[in-house]
Structure formats: C-alpha cells, structure tokens
Amino acid sequence: MVRAMKTVDSWLNSIVISRRHMTGAGCNVSPLWGYPPCYTPRQPSVLKLLHRGSESSVEMHVLLLKEPREGGSGPDPYIKELASRGHNATLIPVLSFTFVSLNTLSDKLFQPEQHGGLIFTSPRAVEAVKMCLEDDERTEQWNMDIKDKWNAKSIYVVGKATATLGEDANILPLLFPCGSIKREVLPTALRENGVSLDTLMVYQTAPHPDLEKNLKNHFTEQGVPDSIAFFSPSGVKFCLETVRRLSGEQLMQIKFAAIGPTTAEAMTAEGLSVSCSADKPTAEHLAAGIAKALQ
C-alpha cells in the first residue's frame, strides 16, 4: 500500500487509480454488439482459418472482457496496442455498477475528525465521493473547511506493498469506501499491521445487462476468438459459463490471458489454462503477453 496522491484535489480530479483490474465508462460501445467505434465486424478470413496459430504474421482475433476506457476519446488503449501488433481486438463490457449509501458516505466525509485517513481500491469509490460533493451547498462547505482537514490526513490507493501503511497507523480508523465484491486480502493485511478500517459499501457490482446477448452475437458473427482476456475475478465469474458454452470443443484452442495475478488465480480456480498474465496491468504489457502466446 502506498500513498499515491498527496491532496484531496488530486484524488478527486483523477479517477484513474492503480489497481489490478480497472474498469469504467467512456468509450461509445454499441449496445447491440459491444464493439467499440473503431472495430468493424467481419467473418474470419480463410487465411486465418488455414493458418490459425501457425504464423505470427497472421492477424488473430482477441476478445477483451473489460469496461471501456475511462474518459478521453479514441480507441480503447488495449485495442490500440493489440492493433499495433497486428491483432484485431473487440471489447465487450462486462460489469455494471449501482451506487448505494451515498448519504452515509457524505455524512462520514463531512466528519473528518472521526477518521485517520482515506483508502481507495477502485475508481468507483472515488466517483462515489465526487457524487457526494455535487450539491452546491456541500461543495461550498467542503472547499471552505472540510477539504483542508482531509488534506492533513493520509490518503492511500492500492500499491505494491501493504505493510508500509502500518508504519503510518493512526488510532482513528481509515475510511474505506468499497464495492459489494471485494476480497479480504487487503483488510486482513491491514489488521495484521494494526490498522483498523471503517468499511462502507458505496456501490454494487453486477453483470452488464447486455453481457450474454453481446457474447452470443459476437461468437455468432466472429466465431471463437483466438484469445480471450479477463480483467477481473468478477469478469471470470460473470462470463466464463457463457464462454464455455459458446466455444464448445474449441475452448481448449483459446489462449486465455489475465490482466494480473489475482485474475489469473480466479481463472485457474475455474479450471482454465492461463496462457499469459500481464507483468503490469497496462495495455502494453498485456498486449505483449497475448502476442507472444499467439505466436
């Protein structure tokens, strides 16, 4: 665990947080097919069918089971990076989010004296905080008084080490806004280091409402992908049964990729053979791993 942002302004203005699987919204994805604007559906070529997996120069089809890029415009960076390596990628959104308990979160945010700091493990939690400050009256109060009080405390985001958080442990608990699906690794590690948490669920995670339909349409239109990349344990949970059913006997031919070790563990636990796991959770590292697996 590392302190990645020094002031309240910085973490409110930046939704992009270091994490194992990140996900969000912002890319204009067709609600029917789940393809980003830069992608044109087409049937697998005869060349691809004849040389599947035998020549690295042949364009392979990669299915990305992730949320669209957060903010900005243009193609998703994972699609762009794979295209630069000669592979055709399609993105299908996997998750949907519903915010809850925002009144409770707002009350806690406006009582900074009750907590020793803040800890974030997802951009959704940051978004929940921003939503609490949208009211004009609360925003004025925040800027006049509350913000400086939080700036005097520690604000943490997920990093490589958790033990260092114990070194800054405060008697007061850290406020931990989180989602409905969270692993206990972080809370356990913090307890072992003498750090208490005030955990509050501020959003619920569910499958994207069009997930199964988009997967069926995609497999019908494009056939079985050469590679499928998962970006979270939740994505594995929500997608795998449908992927198995649609792939049939060709499932064993798919090169499965993971954005990181946590997702890879979830895939292995479900009996999947993980062909590659990104060294770092970036488009460049995942694309490099997939390209190597597809050679």
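This one's a predicted model, so the numbers in the text were calculated from it and none came from an experiment. (Residues numbered from 1 in each chain as written. Predicted model: local features only at pLDDT ≥ 70, side-chain atom pairs only at ≥ 80, totals over all residues. Heavy atoms only, no water.)

Comments concerning the packing of helix α4 (residues 102-109) against helix α5 (residues 123-132)
Packing of α4 against α5 leaves a shortest axis separation of 9 Å and a crossing angle of 80 degrees. By the angle class used here, α4 and α5 are roughly perpendicular. Together, L102, L105, S106 and L109 of α4 and A128, V129, M131 and C132 of α5 make up the contact between the two elements. Looking at the contact of α4 with α5, its residues break down into seven nonpolar, one polar and no charged. (Axes fitted to C-alpha atoms, helices over the stretch in contact; angles between N-to-C directions. Helix = DSSP H or I, 4+ residues; strand = E, 2+ residues; numbered from the N terminus. Parallel < 35°, antiparallel > 145°, perpendicular 65-115°, else oblique. Contact = heavy atoms within 4.5 Å. Nonpolar A, V, L, I, M, F, W, Y, C, P; charged D, E, K, R; others polar.)

Focus on the sheet that holds strand β9 (residues 255-258)
The five strands are arranged β2-β1-β8-β9-β10 in an open sheet whose pairing can be described as parallel. A single partner strand is all that each edge strand has here, and the edge strands are β2 (88-92) and β10 (274-277). Pairwise comparison of adjacent strand axes, ignoring direction, gives a mean angle of 25 degrees for this sheet. Across three bridges, β9 lies against β10 in parallel orientation. Of the residues in β10, the one forming a bridge with A257 is C276. Here helix α3 (residues 77-84) sits on the sheet in contact with β1 (61-65) and β2, set at roughly 165 degrees to β1. Here helix α10 (residues 233-247) sits on the sheet in contact with β1, β8 (227-230) and β9, set at roughly 155 degrees to β8. (Pairing = 2+ DSSP bridges.)

As for unusual backbone geometry
The backbone phi angle of S101 is positive, close to 55 degrees, even though this residue is not glycine. Residue classification places S101 among the partly exposed residues on the basis of a relative accessible area of 36%. (Buried < 20%, exposed > 50% of the residue type's maximum accessible area, 1.4 Å probe, protein only.)

Some thoughts on the side chain of T205
Inspection of the secondary structure assignment puts T205 in strand β7 (residues 197-207). Once you skip the residues sitting within four places of it in the chain, T205 turns out to touch L95, S96, F97, S180, I181 and F238.

Quick notes on the nonpolar core
Within the largest apolar cluster, 23 residues are counted, with the highest numbers of intra-cluster contacts made by L65, I228, F230, V243 and F256. Looking at this core, the elements with two or more residues in it are β1, α9 (211-222), β8, α10, β9 and α11 (261-269). Of the residues forming this core, the biggest block, five residues, is contributed by α10. Setting aside its immediate chain neighbours within four residues, I228 contacts L63, L65, F219, V243, I254, K255, F256 and A257. L118, V126, A128 and Y203 belong to the second largest nonpolar core, which has 20 residues in total. (Core = buried A, V, L, I, M, F, W, Y, C linked by side-chain atoms within 4.5 Å.)

Examining the packing of aromatic side chains
Applying the stated criterion across every chain yields a total of five aromatic pairs. Both rings, one in F97 and one in Y203, keep their centres 5.8 Å apart while their planes meet at 70 degrees; by these two values the pair is edge-to-face. Remark: Y203 occurs in strand β7 and F97 occurs in strand β3 (residues 95-99); sequence separation between them is 106 residues. Exposure remark for F97: the relative accessible area of 23% places this residue in the partly exposed category. (Phe/Tyr/Trp six-rings, centres within 6.5 Å; stacked < 30°, edge-to-face > 60°.)

Here's the deal with the environment of D198
Following the sequence through the fold, D198 ends up in strand β7. On the basis of relative accessible area, D198 is assigned to the buried category, the value being 18%. Distance from D198 to L118, taken between C-alpha atoms, is 9.5 Å for residues 80 residues apart in sequence. For D198, the residues in contact, after removing those within four places along its chain, are K108, H115, P173, L174, L175 and F176. Engagement of the side chain of D198 in a polar contact is seen with the side chain of K108, the distance being 2.9 Å. (Polar contact = N/O pair within 3.5 Å; in protein donor to acceptor, adjacent residues only side chain to side chain.)

A short note on a negative patch on the surface
Together, D135, D136, E137 and E140 make up a region of like negative charge exposed at the surface. As for its position among the elements, D135 is in the loop between α5 and α6 (136-151). (Patch = residues over 30% accessible without salt bridge, like charges linked within 9 Å, V, L, I, M, F, W, Y side chains within 5 Å. Areas by Shrake-Rupley, 256 points an atom, 1.4 Å probe, with all protein chains shown as cover. Salt bridge = Lys/Arg side-chain N within 4 Å of Asp/Glu carboxyl O. Lys, Arg positive; Asp, Glu negative; His and termini not counted. Charge placed at Lys NZ, Arg CZ, Asp CG, Glu CD.)

Overview of α6
In the structure, α6 departs most strongly from a straight axis at N143, where the bend amounts to approximately 55 degrees. Within the span of α6, buried status applies to W142, I146, K147 and W150. (Bend = angle between axes of the 7 residues up to and from the residue.)

A few points about the sheet that holds strand β4 (residues 117-120)
Overall, mixed pairing links the five strands, which are arranged β3-β7-β6-β4-β5 in an open sheet. At either margin of the open sheet sits one strand with a lone partner, and together these are β3 and β5 (154-157). Averaged over neighbouring strand pairs, the angle between their axes works out to 25 degrees when direction is ignored.

Notes on the pairing of β7
With five bridges joining them, β3 and β7 adopt antiparallel strand pairing. Its bridge partner lying in β7, L95 is registered against P207.

Functional significance is not addressed by these values, which are geometric in nature.
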